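# Understanding the architecture of this molecule
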Amino acid sequence: ENAISKDSSYISVFNILKKESLLHQDLKVYGIVALSPCGKYFAIGSENGNLSVWTLSNLKLYTQKNHNKSRIVSLTFSPDGKYVISASENYMIYC
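Since this is a predicted model, take the numbers as computed values, not measurements.

## Observations regarding the sheet that holds strand E5 (residues 41-46)
- Taken together, four strands build an open sheet; the order of strands is E4-E5-E6-E7 and the sheet is antiparallel. This sheet does not close on itself; its edge strands, each paired only once, are strand E4 (31-35) and strand E7 (61-66). The mean inter-strand angle of the sheet, taken between neighbouring strand axes irrespective of direction, is 15 degrees.

## Points about the pairing of E5
- Buried residues dominate E5, accounting for five of its six residues.
- In this sheet, E5 lies alongside E4 in antiparallel orientation, the contact comprising five bridges. Counted as the bridge partner of Ile-32 is Gly-45 from E5.
- Two successive antiparallel strands, E4 and E5, enclose a turn made up of five residues, where Gly-39 displays a positive phi of approximately 80 degrees.

## Points about the environment of Ser-46
- With respect to the helices and strands, Ser-46 occurs in strand E5.
- In sequence terms Ser-46 and Gly-31 are 15 residues apart; their C-alpha atoms lie 4.3 Å from each other.
- In terms of polar contacts, Ser-46 uses its side chain to reach the side chain of Asn-48, at 2.4 Å.

## So, the layout of surface pockets
- Considered as a void within the structure, the largest pocket measures approximately 300 Å³ in volume.
- Along the wall of the largest pocket there are 15 residues; nearest its centre are Val-53, Thr-63, Lys-82, Tyr-83 and Val-84.
- Where the lining of the largest pocket is concerned, the elements lending two or more residues are strand E6 (50-55), E7 and strand E9 (84-88).
- Residue classes in the lining of the largest pocket are distributed as nine nonpolar, four polar and two charged.

Rules of the game
- Residues numbered from 1 in each chain as written.
- Predicted model: local features only at pLDDT ≥ 70, side-chain atom pairs only at ≥ 80, totals over all residues.
- Heavy atoms only, no water.
- Pairing = 2+ DSSP bridges.
- Helix = DSSP H or I, 4+ residues; strand = E, 2+ residues; numbered from the N terminus.
- Axes fitted to C-alpha atoms, helices over the stretch in contact; angles between N-to-C directions.
- Buried < 20%, exposed > 50% of the residue type's maximum accessible area, 1.4 Å probe, protein only.
- Polar contact = N/O pair within 3.5 Å; in protein donor to acceptor, adjacent residues only side chain to side chain.
- 1 Å grid on protein atoms, 1.4 Å probe; cavity = no way out; pocket = protein on both sides within 12 Å on 5 of 7 lines; lining within 4 Å.
- Points joined across faces, edges and corners; volume = space filled by probe spheres on them.
- Nonpolar A, V, L, I, M, F, W, Y, C, P; charged D, E, K, R; others polar.

Shown next, in the form of structure tokens:
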């Protein structure tokens, strides 16, 4: 029901069924984003290998990891929303 997009450094979240914008915020983010299945969290995979998870309701940082210095090129949540899986430019996959 919710969808997320990124344009430049802005994060936008939309409720598709209600056709309304839930968030349009400049988070100074450069990388890729993923929305959790429950719609309460979003993850950001950065150019420098940082992975951060944020709460959508109040834009608070929930957790952050830096597995390596390589750019994150793919990012998704597990179907149950308990894990974030990322793949980096150096062919490493983290969960």
